[in-house]
Amino acid sequence: MRNVIQSAVLLLAALMSQTGAVEVIYAQLGETVTLKAPGNIQNEYVYWNFEKGDSLELGWRNSMGGSSTTADEAWKNRLSLSSDASLIIKDIQQNDFGTFIFRRRGVALLTTYKLLKLTVSVNPPSPLLPGDPLSLSCDAQPLPGHKREIQWLNPSGGKVKKGQGPLTATSQESGQWTCVVTYDNKEKKAVVSVTVLDLSPAPLHPQYTSKSCPLTIPCSLPAHVSWKQLKAKEIQDVRWHFVPESGLIPQSLFSLSLEEPLTWKADQNRGLIPVPDPKKKNLSLTRNRGTEEDGGDYVCALEFKNGVTLNRTVHVEVLQIISSPGTELISGQQLNLTCSLGHPMPSDLELKWFPPEQSSLSSPTSDPHLAHLTIPEVGTGDGGKWRCELWQSNARLTSAEITLKIEPKMSSWMLVVICSVTVIVILLLILAFILYRRRQKMTHLRRRLCKCKTPKPKGFYRT
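Computed from a predicted structure; not experimentally measured.

(A) Region of interest: the overall build of the chain. Helix and strand counts for the chain stand at three helices and 30 strands. Looking at the chain residue by residue over its 463 residues, the buried ones come to 36%. For the chain, restricting intrachain contacts to residue pairs at least 6 apart in sequence, the fraction spanning at least 24 positions comes to 56%. Carbon and sulfur atoms provide 55% of the accessible area of the chain, an area that totals close to 28600 Å².

(B) Focus on the nonpolar core. Counting residues in hydrophobic clusters, the biggest one holds 31 residues, and the most contacted among them are Ile217, Trp227, Leu230, Val238, Trp240, Leu283 and Leu302. Of all the secondary-structure elements, those providing two or more residues to this core are β16 (215–217), α2 (227–232), β17 (235–244), β18 (251–257), β22 (296–304) and β23 (309–318). Once you skip the residues sitting within four places of it in the chain, Val238 turns out to touch Trp227, Phe254, Ser255, Leu256, Leu258, Trp264, Leu283, Ala301 and Leu302. Grouped together as the second largest cluster of nonpolar side chains are 24 residues, Leu118, Val122, Cys179 and Val181 included.

(C) Region of the structure containing the packing of aromatic side chains. In this structure the tally under the stated criterion is 10 aromatic pairs. Measuring from ring centre to ring centre gives 5.2 Å for Phe50 and Trp75, while their planes differ by 70 degrees; the resulting arrangement is edge-to-face. You can see Phe50 sitting in strand β3 (residues 46–52) and its partner Trp75 sitting in the loop between β5 (67–69) and β6 (79–81), a full 25 residues away along the chain. Of the two residues, Phe50 and Trp75, both sit in the buried class. Both rings, one in Trp75 and one in Phe100, keep their centres 6.2 Å apart while their planes meet at 85 degrees; by these two values the pair is edge-to-face. Of this pair, Trp75 sits in the loop between β5 and β6 while Phe100 sits in strand β8 (residues 98–104), and the two are 25 residues apart along the sequence. Just as Trp75 is buried, Phe100 falls in that class too. Of the aromatic side chains, those joined through ring pairs into one cluster are Tyr45, Tyr47 and Trp60.

(D) The arrangement of a nonpolar patch on the surface in detail. Where nonpolar side chains cluster on the molecular surface, the patch consists of Val423, Ile426, Leu427, Ile430, Phe433 and Ile434 and spans about 570 Å² of accessible area. Inspection of the secondary structure puts Leu427 in helix α3 (residues 412–449).

(E) Region of interest: the state of the cysteines. For the structure shown, the criterion picks out three disulfides. Two residues share a disulfide in this structure: Cys219 and Cys300, whose sulfurs sit 2.2 Å from each other. One quick way to see it: the torsion about the S-S bond of Cys219 and Cys300 is about -65 degrees, and its sign makes the bridge left-handed. With a gap of 81 residues between them, Cys219 in the loop between β16 and α2 and Cys300 in strand β22 connect regions that are remote in the sequence. For the pair formed by Cys219 and Cys300, the shared burial category is buried.

Definitions and limits used
- Residues numbered from 1 in each chain as written.
- Predicted model: local features only at pLDDT ≥ 70, side-chain atom pairs only at ≥ 80, totals over all residues.
- Heavy atoms only, no water.
- Helix = DSSP H or I, 4+ residues; strand = E, 2+ residues; numbered from the N terminus.
- Buried < 20%, exposed > 50% of the residue type's maximum accessible area, 1.4 Å probe, protein only.
- Contact = heavy atoms within 4.5 Å.
- Areas by Shrake-Rupley, 256 points an atom, 1.4 Å probe, with all protein chains shown as cover.
- Core = buried A, V, L, I, M, F, W, Y, C linked by side-chain atoms within 4.5 Å.
- Phe/Tyr/Trp six-rings, centres within 6.5 Å; stacked < 30°, edge-to-face > 60°.
- Patch = residues over 30% accessible without salt bridge, like charges linked within 9 Å, V, L, I, M, F, W, Y side chains within 5 Å.
- Salt bridge = Lys/Arg side-chain N within 4 Å of Asp/Glu carboxyl O.
- Disulfide = S-S within 2.5 Å.

Geometric descriptors of this kind do not, in isolation, establish any biological role.
Printed below as a string of structure tokens:
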């Protein structure tokens, strides 16, 4: 009995001495895995075996370059050997996880590979609405004697602190989450997709317009959000409403009929037009030219049956040029022009004035924040189109235009000529009236002197 035990111990020691280091590989279901052959294999006979229950020879390659893989039904069409004798396994299945052995003919040293399962999941399944709870799981199969560390990366690539607790779904959580498993100075990454239904972000800055520029009020669905997903989450209403700058009661502008085909219905359009074909996920409003009444907040809202409302607010400001005393002036008058948004401008905005080419004020000022221009005495050259542009950094946001009509100023000799002509015209009218009255009187006198029907001429008559 003692001899048997000693033999067993010696055999185990011999087997252990023939086994090299264990290489750990993590993989997910459905992936393709390559078990890389150790060293530089040239002109050698090599074998690959799968050790799970009974040992199964998966493939071999001879010294002439010939090779073959098993015809076992469980591995059929999923195995291949590369030129360097590495084993390639396609479409990893549940039963593929286990121990793989690589050996060379005539060499006692074996190479062992441990293929371990890596599973990532999200609960509840996507898609989610903002505010829904979000739980991510990354399960890396352990191996005794081997340490592993698990770290989550959010869609922007930032590390998630351990022990952070449950997440709440927001648009920032939408995207690809990555589980990073670190082991034996190696990394294995597994990706899981999280879809949070939301609108595209609203512009960070106001939308600017004027009477001479078009207006677009943006609202859209991101590329990863579909109408099918929204309807599955029981969307009930899609609507635009407007809150004027004056703070009056919000006005409903448009509502979207969710029956096919998707159609906008106008409640009070204010001259705005929805972008055609909302099925393409563009919900924006447009107008060819802005108006003074366009300033305010425009709210694009999606309402769901569970009470969740998704909305984006777009603030619109209108650039205007105001002329005092008006747009029609006489040469020599004082002109005051004001270009503004109706409130003091932020420091990152600047104005650029562009007078008519023939204006005496060809270069108004170098002050980028000058909203007021004063011309003590305008001339005819100041008539025409004046333009004021609103800029931020190197981008033009909008521009406003105004057209001035400047009449020439009358000199003293022009007044004398006009007065003389006026006097002559008046005298001619008086003379014409006198002649007309005299003619009327002569005609009346003739009728009084001759009243007989057959008047006889004067002279002697025979009796």
